[in-house]
Amino acid sequence: MQKSTAKTLIVMKIVFIVSTIATLSAYASGYSQTVTFSGKDVPLKNVFTAIRQQTGYSLFCNKQLLELAQPVTVNAREMPLNEFVANVLKHQPLGFRIDDKTIILSEKPEEKPAPPPAPEQREKIVRGRVSDDEGEPLSGATITVKGTKETTISKEDGTFTIKVPDDASVLVISHVGTATQEVNIEGKTMIAVTLASVNNNMNDVVVIGYGSQKRYQTTGAVATIKASEVQDIPSPNIAGALRGRIAGLGVSYSSGRPGASITLNVRNSRISEQAGLFGATPEPLYVIDNIIVDKATFDNLDPSMVEDISILKDASAAIYGAAGAKGVVLITTKRGRAGVPQLTYNGYVGVTDATRKPDMLSGYEHALLLNEGYKMANAQPNLFFSPEDLEYIKGLNYQSWFDALWQPSVTQRHNLSVSGGSDRVTFFAGGSYQNENGNYAGIKADKYSFRSGITAKLVRGLQADIAFNIDHSIKESKNEISENDQSFLEKLIQVPRWVPVSIDGKWVNDNGSANSHPLGHIESGFYHTNKRQAYRINASLIYQPESGFLKGLTARFQVSQAGDGGDVDMYRPNYQVYNFARFGNNEQLYREDSILSVRDVFIGNNSLLRRGLTKRNSYQGFLTLQYARTFDRHNFSVLVGGEQSASNGEDLQVDWMNQQMPGYDDYWAFDQSPNVSRPQLTESTKRSFFGRVSYNFDGKYTLEGVTRVDASSNFAKGKIWGVFPSVGLGWVISQEDFFRDRINFINYMKIRANVGLTGDDRVNARLWQERFAVDAAGYLYGENFVPGLQPTVIPNPDISWEKKRTVNVGVDMSLLDNKLSLGIDFFQNYIYDAFDKGNDQNFPMYAGFAAPVVNYQIRYAWGSEFSIGYRTRLARDLYFKSNINFGFSNFVVDRMFYNRFLLWENSPEDWQVDFGTDPRKYTSSNYGLIALGMFRTQEEVDAFLGKNPNYTIDGKVPQPGWLYFEDVNGDGVITDKDKTPMFNRTDPALSTGIQLGLSYKSLALSINIAARFGGKVFYDSKARRSKPTPQKNVPVFWTDRWTPENPNGKFPRWDDPSIDRGWESTFWAVDGTMIRVNDMTLVYNVPKRIAGKAGLSNARILATGNNLWVLKNPLKYKDPYSSYIYDYPTLRTISLGLSIGL
Amino acid sequence: MKKNLNISIYILAVGIIMAGSGCKKTSDFLTLRDRNGIDARIWETEGAVQYLLNETYDMIMPDFPFQYTANNFAIHLVSDENYFSANDNWGKKVFNFNGFLVANDPRYIAAKYQGTNIGDNRYFDVARCNLAIANLPASQTIPQQTKRGMLGQFYALRAMLYFNLTKYYGGVPLVLEPQNPSSLTLQGRVKAKVMFEQIVKDLDSAIANLDGISWSESTERGKLTKAAAMALKAKALLYWASPQFNPENDPQHPHDAQRWQTAHQAAKEAYEGCIAAGHALMPDYSKIFQTEGAANKEAIIIKSYSATQPKRGHDVEARCRPVSENGQPHDYYYASTHMLDAYTMKDGTPITGNNDYDPEMFWLNRDPRFDATMAYNGCTWKLSGKNNRRQWTYVNAIEESGNRGLYCKKFSSPDLPFGNVRKSGDFGGSGMDWIELRFAEVMLNYAETANETGDLPLAKQLVREIRKRAGIEEGAFDYGLALANSKEEMRDLIMNERMVEFAFEGKRGDDLRRTRRMHQLTGTLEALQFVVVDDEKKKFLETVIDPQTGLRNRDTLDMTNKATVQTYFNTVVIIPNGNAGFSMPEYYYFFSLHNQFINSTPLLEQTIGWEGGTFDPL
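Residues numbered from 1 in each chain as written. Chains lettered and ligands numbered in written order. Predicted model: local features only at pLDDT ≥ 70, side-chain atom pairs only at ≥ 80, totals over all residues. Heavy atoms only, no water.

**Student:** Got a sec to walk through the overall build of chain B? Specific residues and values, please.
**Tutor:** A count of helices and strands for chain B gives 21 helices and twelve strands. With the C-alpha coordinates aligned to their principal axes, the bounding extent of chain B is approximately 125 × 65 × 50 Å. Counting across all 618 residues of chain B, residues that qualify as buried make up 60%. In the form shown here, chain B has an accessible surface area of approximately 23300 Å², with 50% of it arising from carbon and sulfur atoms. If the 68 positive side-chain charges of chain B are averaged to one point and the 74 negative ones to another, these points end up 7 Å apart. (Helix = DSSP H or I, 4+ residues; strand = E, 2+ residues; numbered from the N terminus. Buried < 20%, exposed > 50% of the residue type's maximum accessible area, 1.4 Å probe, protein only. Areas by Shrake-Rupley, 256 points an atom, 1.4 Å probe, with all protein chains shown as cover. Lys, Arg positive; Asp, Glu negative; His and termini not counted. Charge placed at Lys NZ, Arg CZ, Asp CG, Glu CD.)

Okay, here's the thing in structure tokens:
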């Protein structure tokens, strides 16, 4: 029997009927130990599938056994697993054993005690399977018979066979990234081992472009994040949720306005400012499911649809050679899983409000401030507010224009998805809706998306994967859509408080907004909408023979076709504002009963109807052949591939003006000679070939080489090709005996290094060819209008790929029983042939052309990134984890075009910031005057002038209440020329993102903190330079200013000449230390038994807050994330969410 | 299983073949057509070259004065005919009323390395012409006749452009070939002589190419003609002979009298050519700018405008009009006392020592062009279609602002409705065409060369025709011409005639510079205001007597009655505060190259007289 069992085992094909359900939360998950299952004549296979889904226990057995088994009829409800399995197998010729989360089936006799071994038998064969704690087979695990030299490595399917000497009874099984385990094999010939992964994630599968790798094999700086970690954050999109979570990934919001762009930046990528005008971009490349997509597609992706995110930060991006130079963001979306259909819902509803609203002076304070100014300037009496006027203003109770506008609003996201299928066909379909409402003007950003995918195993070894996605995004507003609404809000916020918004429903025309009215504008019927609808078909065919000489080969053919269409609509009808009679000593106050005149705001040709249409189409197709085999301790894989893509797009915009029939936003209601703006047509194609060779020995040493050859249509014939190789090395030093034996506190340590070249072709097409383009303004011959044609491009036939050589050295470690993990990366980037517009000034001004765009700039960038994780159990059921990441980086421009004449003309900001200088010091914001203090009294002024007799500030003799400055150039007077770098550096000493997590039983709390220490921030120029006038109010901090009565005021008089000139100075700098709680999520995992009663397989309830508190704010008047006081404020979102599975 | 394997391979193979069959050679796959413009094929596409030509017109063809003001252009607008030069920052500097110009100030030549807007960089405009002149002749498909017509215009436009540059700078780099980074014509400034030789050569090419070519009145009006090229040539040679380039008493630059002969010959040919082409004086001086199209035989070079074509309008109407008629009056159209005094009496005799002239009633008995051009206090000025409308220009007049004592009638459209006066966005205004060169100028140029070459009778005959058309009475002095009995007297008379005839047309500054009379101006620049005697009188004047029509007491005043005038008004000369006397340095006759331009290559020298200047255009 023993023999026949062994034989069976040798020939058996081991099949795991497994499916994986993602752990719902990184560390607060679990399976029940009971099974609920009912069915009549169910194949045994399906029963175990159900067990797997409900308990996480997988099956390990001879496939034939399963096929031979009779269908079973069961009816169980929350039956303990052991009992359930016994029940199922009752009438079967099978026995079972549960071993470490695996159910091992065997023929019944196995249950009988084995006959005593023959004395002459010196050794036995033990077979087994190694899996990780998610049930995925682990290859490359080292299995050693304890106390002997007998060693083997598990295969790709996790199985192994090892000879065990008779006297040995323990196997030691180890694998990078998991805890080493010892297994007693006494009396066993078949074992299943689950190696608990430790928090160093070294066994995670990392998506690296055209394939994936185990984390321990990677040689580059690849940051990964599970979408589940960020999907609960109520941020507008994935990019927003990544803020502060990944070292080396910059995330910047334009403003809090719904629909405002959020951009990602990998390792501080930069471009020449001039080249930016010609299509160069510092943004990374976005890749979703192997297909390069545009930013809009990435933005519209619902976080709940995402499985995981990888960010290639260094030469590992060379596989995307083209456009990989600024990093690559790789997204893998969710796929169907075999099993009974699972319905999942998750969503939240939240309320948004400004973290900080602009705080302006009251009408009374404003009037007083003006009076003081007039007094100091000896102004004419008719400018002053009289005491009666002041009293009147004091008594006014007008709502501020901002308050009349601003309200908290609702934001929400809902996602519903279904997944399921058999082992041959799986499917996934999900729809989501996201709605962000702005806080005024009907501002709205809505996204609808639908993703579906089906994966079918067609015939043996051949799999088809077809996905179809649609998304639809809508941005609406009753004022002009912009990134930060600054000009709109600035006007509105600055309206003095003694001006009513409206009187009897009639919009008040105040002086400041000059014949317009922000609220009137919103109410006029004005609208501006941007819409985009997109679809994408993504189909692939994967051939993976399971046997024969082709075993180990994976051929993948994938084609994706996408299209999108968008439209921009704007309607600007006329509306009226009313000039009310004024009174008061200076005629600033509004009489409510007397209308002087009515003004039309958008009359005649200023009324407008705009219809803009865009469409784009693209396809990308590639074929990859991969061959991967493991021979003994050698593990290698070769991948070659070819890819081709093409895209085209078109924009069209038509304006109708001069509305003839008010009230109709249709074209026929306008003058019928529309204005068509120049249509834009774009076309591009690209073809590439690439390969990757990866070799790993013994789980310790990895050597990897990647090359990509790209041809881009952006360049002229002969310049189209770019070659981008890279090579990487990895060494898992902790697998070495000498290390393992000596250093106990380090559980895992890997050193890796890579060097490679990446490129970028993202620059305007056809810069290599002369172009004459239409100028619609044209010319008139008599009354006959004719268009014009302009020469627009001076060709640079040599323009070609921008290149970046990157060197990255990193260490991944896990220490102290895997409680502490550490990732350190050092990198150096050498960017050359970077796009730059040639310096015009290098050509005589009479050459008659502008300099072409060339490959010229050279930059070095270097830095380090640290990521420290710590997780531990604090007490029973109480777990803690934290993660901190931070980095330091800098760069220097080594070669660039600059205007040499500006070196002595007085515009240093233009050149000092870049060339060969330290950008932490030589930035335009750090360029200003050194403030020595403020003159508090006339005596101080006199004393100072006594020492510096000719001292003037911008030609004006100092006065009390003015700032005074160091005469840097020594000419005795303060002018532009005294500007100098103010501080040695303004960037923070440390800028970090901290994630904290705490879980107790069903409760989990996670907190994301952003902190910045040191450095300088400056009062923004809008706040600093706003001067009070009868038309303009100012921020409230101006109350604490110098006046004769308040000589110790913090701020200068607002007629200070340096404010007048907008000069930066050290006076306006404050310590930049900032600490804020970005977001916080509290999750309650509803216990299974309660959820089960509701018919749910799982349920979570969560409360989330985004942009919660600023613990230390360097500038109190605005949120640290807002650039300017009048930008659309940063929003705080408090939301409640629910996640359930059926 | 074997079968399955075969199927797999089959399906995969089909996939690969399908992918492979779509493959083109990479270089073909990557070769795309430019969808947003045209490349070198432009030269085989008649319409495209015509578009390029249209754009070239737009950039080179001069505008109404003050339409272009970027890059300190006011420096070039300065003359003694208006108050603008007394009040504008740059104007004051040119005349040294208040500080000097520095070398970095004049920037007409180029301000940017781009050519999308007028004045960005004149060499971008040169480049347009150069491209066409170099590439058009080789075109295979464009018909010969069409090619000639287009080439002729490109030559003429290039000449106009270089002529303007020469006028201002004396000599500049002369770029005649298309440039690109790999083939640059690297040269410094050339002398005025070379400039003029090239200008004349280009105009000769234009004349030859445009010979026999006529333009459709309805769709091509405004394209340069052979007559225009001849007139331009005569004008260029007039400049070359004039004291700016041909000083009379400068030992370093000996006077070359022969140039006047050459200029005279060209002027004669231009005069005759224009007549042959059907050009003539308009019968009514006041209608010259108000008449567009074939009816205006006087217009030789024009730039068309329209109130209804987007971006093809101007706001001259608003600049001329008073506030009461929706205007935004501008100093440029506010006559100086020099200008007022230049007008002769109605018999052509100067005001100096003239018994008919009364400074307090200066608007009476003048050259009829005075009334056609000047709006003074209480004059009749039809605007917004209001017949018998009277203009009040006294200080603080109700419904007016700016306190301008005079307005300019020349460029206003009397029937343009109130609401259409302002240019708003891309539309509006009067859409009046600009006449850059009219037959009267051809005649006066010819008169001047005739006088300089000793043909006084011919000179007088030409001026006489101008004066007759103006409506001047023959009087006792042959339209005033009998007072000029020598070349010098006639020269002065012609200069005065030009000032009056071309008032506010932007020619006066050029003439002052061309004749080197600008640095000889005396006194200072003044303008007139009318002041109401007292507040009570003002109240009376402004009292409405007919609420129906809004008629006020003032509208009944007889402004030809001195007693009445004196009852209510004083005439006051205003001098802008602190202005010193005219004292333009002579080196201003050739402007400096500004820093950015001169720094762009070491080959350039600064104009002599200016700081660091070594280049003498002569």
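Moving on from the coordinates now.
**Student:** Any chance you could break down the overall build of chain A for me, citing the residues and the numbers?
**Tutor:** Along the backbone of chain A there are 19 helices and 55 strands. Its C-alpha radius of gyration of 35 Å places chain A within 12% of the 32 Å reference for a compact globule of 1142 residues. For chain A, the C-alpha atoms occupy an extent of roughly 120 × 70 × 65 Å along the three principal directions. Looking at chain A residue by residue over its 1142 residues, the buried ones come to 55%. Put simply, 70% of the contacts in chain A that link residues at least 6 apart link residues at least 24 apart. Accessible surface for chain A amounts to roughly 47300 Å². Of this, 54% is attributable to carbon and sulfur atoms. Computing the positive centroid from 123 side-chain charges and the negative centroid from 120, chain A places the two 7 Å apart. (Rg over C-alpha atoms; globule rule 2.2 N^0.38 Å. Contact = heavy atoms within 4.5 Å.)

**Student:** Describe the pairing of strand β9 (residues 527-532) of chain B, with residues and values.
**Tutor:** Look at any regular strand and the pattern is simple: side chains alternate between the two faces of the sheet. Residue and element names in this part refer to chain B. Among the six residues in β9, five count as buried, and that is most of the element. In terms of strand pairing, β9 meets strand β12 (residues 569-574) through six bridges, oriented antiparallel. What sits directly across from Leu-528, in β12, is Val-573. (Pairing = 2+ DSSP bridges.)

**Student:** Go over the confidence of the model for chain A with me, naming the residues and quoting the values.
**Tutor:** When pLDDT is low, close inspection of the predicted coordinates is not appropriate. All names here are of chain A. Mean pLDDT over chain A stands at 82; residues scoring 70 or higher make up 92%. With pLDDT under 50 throughout, residues 1-30 is counted as low confidence; its partners more than four residues away or in other chains account for 58 contacts. Every residue in residues 110-114 scores below 50 in pLDDT, and together they form two contacts with partners more than four places removed in sequence or on other chains. (pLDDT = per-residue confidence, 0-100.)

**Student:** Break down the packing of helix α11 (residues 258-276) of chain B against helix α15 (residues 439-452) of chain B for me, with residues and values.
**Tutor:** Residues and elements named next belong to chain B. Contact geometry for α11 and α15: axes closest at 9 Å, N-to-C directions at 145 degrees. For the pair α11 and α15, the sense of crossing is left-handed. Seen from α11, the contacting residues are Trp-260, Ala-263, His-264, Ala-267, Lys-268, Ala-270, Tyr-271, Cys-274 and Ile-275; seen from α15, they are Phe-439, Val-442, Met-443, Tyr-446, Glu-448, Thr-449, Ala-450 and Glu-452. Of the residues in the contact of α11 with α15, the class split is twelve nonpolar, two polar and three charged. (Axes fitted to C-alpha atoms, helices over the stretch in contact; angles between N-to-C directions. Left-handed = near helix turned anticlockwise from the far one by under 90°. Nonpolar A, V, L, I, M, F, W, Y, C, P; charged D, E, K, R; others polar.)

**Student:** Can you break down the sheet that holds strand β20 (residues 306-312) of chain A residue by residue, with the values?
**Tutor:** Residue and element names in this part refer to chain A. Read from one edge to the other, the open sheet built from five strands follows the order β15-β20-β21-β18-β19, with strand pairing classed as mixed. Both edges of this open sheet fall to β15 (222-226) and β19 (291-293), since each of them pairs with a single strand only. Going across the sheet, the axis of each strand differs from the next one's by a mean of 25 degrees, ignoring polarity. Two strands pair when backbone bridges link them, and β20 and strand β21 (residues 328-333) are joined in this way by six bridges, in the antiparallel orientation. Bridge pairing links Leu-312 to Val-328 in β21.

**Student:** Tell me about helix α16 (residues 456-470) of chain B, and please be specific about residues and values.
**Tutor:** All names here are of chain B. Spanning 15 residues, α16 covers 21 Å between terminal C-alpha atoms, matching the ideal 21 Å at 1.5 Å per step. If you check which residues of α16 are buried, you get Leu-456, Leu-458, Ala-459, Lys-460, Leu-462, Val-463, Ile-466, Arg-467, Arg-469 and Ala-470. Here the buried face of α16 lies against α11, α14 (368-373), β8 (434-438), α15 and α17 (487-501). In the stretch just after α16, Gly-471 is the one whose phi turns positive, near 100 degrees. (Expected span 1.5 Å × (residues − 1).)

**Student:** If you had to explain helix α4 (residues 81-88) of chain A to someone new, which residues and values would you point to?
**Tutor:** In an α-helix, one turn spans 3.6 residues, which is why side chains three or four residues apart end up on the same side. Taken together, the buried positions of α4(A) are Leu81(A), Phe84(A), Val85(A) and Val88(A). All buried residues of α4(A) lie within an arc of 95 degrees about the axis, which places them on one face of the element. (Arc of directions from axis to C-beta.)

**Student:** Please set out the interface of chain A and chain B residue by residue, giving values where relevant.
**Tutor:** At the junction of the two partners, chain A supplies 71 residues and chain B supplies 92 residues. Between chain A and chain B, the buried area comes to about 6900 Å², and carbon and sulfur atoms account for 62% of it. Among the residues chain A hides against chain B, the three largest losses belong to Tyr781(A), Met845(A) and Tyr846(A). Together they make up 15% of the total. Inspection of the chain A/chain B interface yields three salt bridges. Here Asp34(B) ties to Arg766(A) by a salt bridge, and the two come within 3.7 Å at their closest N and O atoms. Elements with a contribution of two residues or more to the side of chain A that touches chain B: β29 (527-543), β30 (553-572), β33 (608-631), β34 (634-657), β35 (675-697), β36 (701-712), β39 (771-781) and β40 (784-793) of chain A. Partitioned by chemical class, the residues of the side of chain A that touches chain B number 39 nonpolar, 19 polar and 13 charged. (Buried area = accessible area lost by both parts, 1.4 Å probe. Salt bridge = Lys/Arg side-chain N within 4 Å of Asp/Glu carboxyl O.)

**Student:** Account for the nonpolar core, naming residues and giving values.
**Tutor:** Ranked by internal contacts, the top residues of the largest apolar core, which has 191 residues, are Tyr123(B), Tyr162(B) and Phe411(B). The greatest single-element share of this core, amounting to 14 residues, is contributed by helix α8 (residues 144-169) of chain B. Phe411(B) has contacts with Phe64(B), Phe289(B), Val316(B), Glu317(B), Cys320(B), Tyr333(B), Met432(B), Trp434(B), Phe504(B) and Glu505(B), leaving out every residue within four places of it along the chain. Residues Val499(A), Trp507(A), Tyr575(A) and Trp1063(A) belong to the second largest nonpolar core, which totals 71 residues. (Core = buried A, V, L, I, M, F, W, Y, C linked by side-chain atoms within 4.5 Å.)

**Student:** How would you sum up the sheet that holds strand β8 (residues 151-153) of chain A? Please name residues and give values.
**Tutor:** All names here are of chain A. Taken in spatial order, the four strands of this open sheet run β8-β7-β10-β11, and their pairing is antiparallel. A single partner strand is all that each edge strand has here, and the edge strands are β8 and β11 (181-184). Ignoring which end each strand starts from, the neighbouring axes of this sheet average 25 degrees apart. Inspection of the sheet shows strand β7 (residues 142-145) paired to strand β10 (residues 170-174) by four bridges, in the antiparallel sense. The residue of β10 that forms the bridge with Thr-144 is Val-172.

**Student:** If you had to explain unusual backbone geometry to someone new, which residues and values would you point to?
**Tutor:** The phi angle of most residues is negative, glycine excepted, and most peptide bonds adopt the trans form. With phi around 55 degrees, Ala441(A) is a residue other than glycine that occupies positive phi space. Positionally, Ala441(A) belongs in the loop between β24 (425-437) and β25 (444-459). Phi is positive for Asn326(B), close to 70 degrees, though the residue is something other than glycine. Structurally, Asn326(B) is set in the loop between α12 (316-320) and α13 (337-342).

**Student:** Just give me the short version of the side chain of Thr685(A), but keep the residues and values in it.
**Tutor:** Structurally, Thr685(A) is set in strand β35. Taking relative accessible area as the criterion, Thr685(A) reaches 8% and is therefore assigned buried. Ignoring anything within four residues of it in the chain, the contact list for Thr685(A) reads Ser645(A), Ala646(A), Ala711(A), Ser712(A), Ser713(A), Phe29(B), Leu30(B) and Leu32(B).

**Student:** Pulling in residues and values, what's your account of the environment of Asp710(A)?
**Tutor:** Residues and elements named next belong to chain A. With respect to the helices, strands and loops of the structure, Asp-710 is situated in strand β36. Asp-710 sits in the buried class, given a relative accessible area of 0%. With 61 residues separating them along the chain, Asp-710 and Arg-771 place their C-alpha atoms 25 Å apart. A polar contact of 3.1 Å, which involves the side chain of Asp-710, links it to the side chain of Arg-708. (Polar contact = N/O pair within 3.5 Å; in protein donor to acceptor, adjacent residues only side chain to side chain.)

**Student:** Quick rundown of the pairing of strand β49 (residues 990-1000) of chain A? Include the residues and the values.
**Tutor:** All names here are of chain A. Pairing geometry for strand β44 (residues 878-895) and β49, over nine bridges, is antiparallel. Looking across to β49, one finds that Phe-886 is bridged to Thr-992. As defined by bridge partners, β49 adjoins strand β50 (residues 1003-1013) across eleven bridges and the pair is classed as antiparallel. From the neighbouring strand, Ser-991 faces β50, where its bridge partner is Arg-1012.

**Student:** An account of the pattern of salt bridges is requested, with residue identities and associated values reported.
**Tutor:** A side chain of one charge can pair with a side chain of the opposite charge if their charged atoms are brought near each other. Residue and element names in this part refer to chain B. Under the criterion given, the structure shown has 94 salt bridges over all chains. The residue Glu-448 makes a salt bridge to Arg-498 at a minimum N-O spacing of 3.7 Å. Of this pair, Glu-448 sits in helix α15 while Arg-498 is found in helix α17, placing the two residues 50 residues apart along the sequence. With relative accessibility at 6%, the residue Glu-448 sits in the buried group. Residue classification places Arg-498 among the buried positions, given a relative accessible area of 3%. Here the salt bridges do not stand alone but share partners, grouping Glu-298, Asp-367, Arg-369, Lys-410, Arg-438, Arg-467, Arg-469, Glu-497, Glu-501 and Glu-505 into one network.

**Student:** Give a description of the state of the cysteines that names residues and reports values.
**Tutor:** All names here are of chain B. A full pass over the atoms with the stated rule returns zero disulfides over all chains. In this structure Cys-379 is a free cysteine whose sulfur lies 11 Å from that of Cys-408, the closest cysteine sulfur available. With a relative accessible area of 3%, Cys-379 lands in the buried category. (Disulfide = S-S within 2.5 Å.)

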